[in-house]
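# Chain and residue survey
The lines below spell out each chain.
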Amino acid sequence: MSVRVRFAPSPTGALHIGGVRTALYNYLFARKHGGTFILRIEDTDQGRYVPGAEDYIIESLQWLGLTPDEGQGFGGGPDGPYRQSDRKPMYRQYAEQLVQRGHAYYAFDTPEALEARRNAEENFTCNFRTRLSLDNSLTQPADEVQRRLDAGLPYVIRLKVEPGRDIPVHDLIRGEVVFQSDELDDKVLLKADGMPTYHLANIVDDHLMRITHVIRGEEWLPSTAHHVLLYEGFGWQDTMPKFAHLPLILKPVGNGKLSKRDGAKFGMPVFPLSWKGETPEDSFTGFRETGFLPAAALNFLALLGWHPGGDQEMFRLDELVQAFSIEHIGKSGARFDFEKAKWFNQKYIQASGNAELARLIRPYAEAKGYRTDEAYLSQAAALMKERVTFLPDFTEQGAYLFEPVRDYDFETIQKKWNPAQQPVFESLVATIEQTDDFAAPALEERVKQFIQEQHLKPGDVLPLLRLALAGTMKGPAVFDMAALLGKTETVNRLRTAIEVFNQAVVSAG
RNA sequence: GGCCCGUUCGUCUAGGGGUUAGGACGCAGGAUUUUCAUUCCUGUAACACGGGUUCGAUUCCCGUACGGGCUACCA
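Residues numbered from 1 in each chain as written. Chains lettered and ligands numbered in written order. Predicted model: local features only at pLDDT ≥ 70, side-chain atom pairs only at ≥ 80, totals over all residues. Heavy atoms only, no water.

## Description of the protein's contact with RNA strand B
Of all residues adjacent to RNA strand B, which total 62 residues, the nearest are Arg-174, Lys-191, Glu-386, Arg-387 and Pro-458. Among all atoms of RNA strand B positioned within 4 Å of the protein, those belonging to sugar or phosphate total 71%. Between RNA strand B and Asp-311 there is a distance of 3.4 Å, counted from a sugar or linking oxygen to a side-chain nitrogen or oxygen. Tallied by class, the residues present in the surface near RNA strand B amount to 22 nonpolar, 16 polar and 24 charged. (Near = heavy atom within 4 Å. Polar contact = N/O pair within 3.5 Å; in protein donor to acceptor, adjacent residues only side chain to side chain. Nonpolar A, V, L, I, M, F, W, Y, C, P; charged D, E, K, R; others polar.)

Structure, rendered in structure tokens:
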């Protein structure tokens, strides 16, 4: 039987990075086994629906290259629709089927009434101990129940959990976990608005979509016993999927799981894409907008809670697929280590070809009104790729490759420049101006020859050239920069610099 | 509170009854680069604690502590 897995996020806002990892693992597992990866939207809570969230999820998966074989936004298959609200009419019959079999019941208690009980009684929950004291089809005569149903009174359908038995859950990551049915509450399956809860919808859909493996977050482990009961109630235990509950992603420091607020708090993205919410507090910067390469984000995320063994750190997507196995997923929560994420991005940028980088940084160059021709961009990328971490760094840290120098490092100028050098410097500029072969090696040779002729030291000249061209002591090799900028621009900058240098020294007094 | 899950360097992790407990990030030092960065080398640092089982436990078992999750007509 072929593997079929699903990623089933809820469109309640931006897709959290933990959700992205869940999607990744599902994707890897499906690809590894030649199976099917499905995207299903779990929008059964109408109150929490957020416009745009579904598109956000789809765009995130597209950006990362985790393309589902079927699912909302990715074309259909025989199992659609893939949005649970579009499947709404089908759930009621399943809930009622459970009622008929004695595994569920109608309940008329209002949310307010239950809330009152919870306030009055410590640890109140609806279960085998309390249900006979509540208002439901187990405590009301059959004709009264029918009367209320016919009258259209609001009700929910609850799972009837029988006490006194063990419910083993076989988890692929944690082994066998046993729950006592006495501890389980009578979960709502069908809500008063006619929508199923997650519990019902997820079982019905997984069954109908012939899901073989449920790979989801650890927060679902406690309710898995209910899910097993549901499979039994429907008589689907033979095709019940296998479960794998993933460890959570924790805050970089402190206690608890990573939350959306941590992004702003620690100055790092915790979402794949930027999200514009109703308020600034509900708006977030994404990995994409920070300047991550999708492959780097994926590599980083994959290793947060999983490792195939051995010493390899860098995994392309196809290598992740090849190496992936559920058995190697860790059991304990993993802290979100942004420093490591940065390192991965840096490595992926370094490993990218110049043409590819040119394509990636073109949008940033365009936004700043810089020149965007392929040749220039790819050469600039070549000069900068060893010294950047994020995509925007190319045009920010390397702004001087695209526009006149804005900020000069006055401190170093004052240390290196002496107005008495001006005549020599001017003759250097003249020499450079007369150099025909402006390729970096030839230029370097010519300038070093000049240095020798003038009985200077490289240290007297090179830093000044760098300052004149870039304004800063950081950056690519001077002659590479000069070659890229071209003779005209280089000479212009050198001439401008003489004045800037003099002024810097004068103002330093 | 109850139920469930977890615990190897600061972090991500490998490993597994007898190992100098390995790698990576970070950090520190050095080499190269007359800048910065890259690269390379070196160093730093861990089996939560207490009981068992065993000739021998970091590894298996039980407790404790700590951490985490769940406990909605949310997912």
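## Description of the packing of aromatic side chains
Counting across every chain of the model gives 24 aromatic pairs. Relative to Phe-390, the ring of Phe-338 lies with its centre 6.3 Å away and its plane at 25°, an arrangement referred to as stacked. Taken as a pair, Phe-338 in helix H12 (residues 338-351) and Phe-390 in the loop between helix H14 (374-384) and helix H15 (393-396) lie far apart in primary sequence, 52 residues in all. Take Phe-338: its relative accessible area is 13%, and that puts it in the buried class. (Phe/Tyr/Trp six-rings, centres within 6.5 Å; stacked < 30°, edge-to-face > 60°. Helix = DSSP H or I, 4+ residues; strand = E, 2+ residues; numbered from the N terminus. Buried < 20%, exposed > 50% of the residue type's maximum accessible area, 1.4 Å probe, protein only.)

## Considering the sheet that holds strand E5 (residues 156-159)
Strand order in the open sheet made by the three strands is E4-E5-E8, with antiparallel pairing throughout. With one partner strand each, in any of the chains shown, strand E4 (104-107) and strand E8 (188-190) form the two edges of the open sheet. Averaged over all neighbouring strand pairs, the angle between strand axes comes to 40°, with direction disregarded. When E4 meets E5, the two strands line up antiparallel, connected through four bridges. Bridging across to E5, Ala-104 finds its partner in Leu-159. Sheet strands touched by helix H3 (residues 88-100): E4, E5 and E8. Its angle to E4, the strand with the most contacts, is close to 110°. (Pairing = 2+ DSSP bridges. Axes fitted to C-alpha atoms, helices over the stretch in contact; angles between N-to-C directions. Contact = heavy atoms within 4.5 Å.)

## With respect to the packing of helix H13 (residues 354-367) against H14
Packing of H13 against H14 brings their axes to within 8 Å, and their N-to-C directions diverge by 105°. In terms of orientation, H13 and H14 fall into the roughly perpendicular class. Contacts from Asn-354, Ala-355, Leu-357, Ala-358, Ile-361, Arg-362 and Ala-365 of H13 reach H14 at Glu-374, Leu-377, Ser-378, Ala-381 and Ala-382. Looking at the contact of H13 with H14, its residues break down into eight nonpolar, two polar and two charged. (Parallel < 35°, antiparallel > 145°, perpendicular 65-115°, else oblique.)

## Digging into the domain arrangement of chain A
By the assigned domains, chain A splits into domain 1 (4-82 + 248-341), domain 2 (85-246), domain 3 (353-394) and domain 4 (410-508). With six residues of domain 3 at the interface, the matching set in domain 4 holds six residues. Surface buried jointly by domain 3 and domain 4 totals about 520 Å² across both partners, of which 76% is contributed by carbon and sulfur atoms. Together, Tyr-376, Leu-383 and Arg-387 form the three largest contributors to the area buried by domain 3 at its contact with domain 4, with a combined 80%. There are zero salt bridges connecting domain 3 and domain 4. Run the count over domain 3 and domain 4 and you get one residue pair in polar contact (both at pLDDT 80 or more). Tallied by class, the residues present in the side of domain 3 that touches domain 4 amount to four nonpolar, one polar and one charged. (Domains from an automatic or database assignment. Buried area = accessible area lost by both parts, 1.4 Å probe. Salt bridge = Lys/Arg side-chain N within 4 Å of Asp/Glu carboxyl O.)

## Topic: the pattern of salt bridges
As enumerated under the stated definition, the model contains 38 salt bridges in all. Notably, a salt bridge pairs Glu-96 with Arg-92, separated by 4.0 Å at the nearest N-O pair. In this pair, Glu-96 and Arg-92 both sit in helix H3, four residues apart, roughly one turn of the helix. On the basis of relative accessibility, which here comes to 23%, the residue Glu-96 falls in the partly exposed class. Note that Arg-359 and Glu-356 form a salt bridge whose closest N and O atoms lie 3.0 Å from each other. Residue Arg-359 and its partner Glu-356 are located together in helix H13, separated by three residues, close to a single helical turn. One salt-bridge network, held together by shared partners, links Arg-6, Arg-40, Glu-42, Arg-87, Asp-205 and Asp-206.

## Remarks on unusual backbone geometry
Across the junction of Gly-80 and Pro-81, the peptide omega takes the value -5°, indicating a cis bond. Here Pro-81 lies in the loop between strand E3 (70-71) and H3. Of note, His-455 is a non-glycine position whose phi angle comes to about 55°, a positive value. Structurally, His-455 can be placed in the loop between helix H18 (440-453) and helix H19 (458-470).

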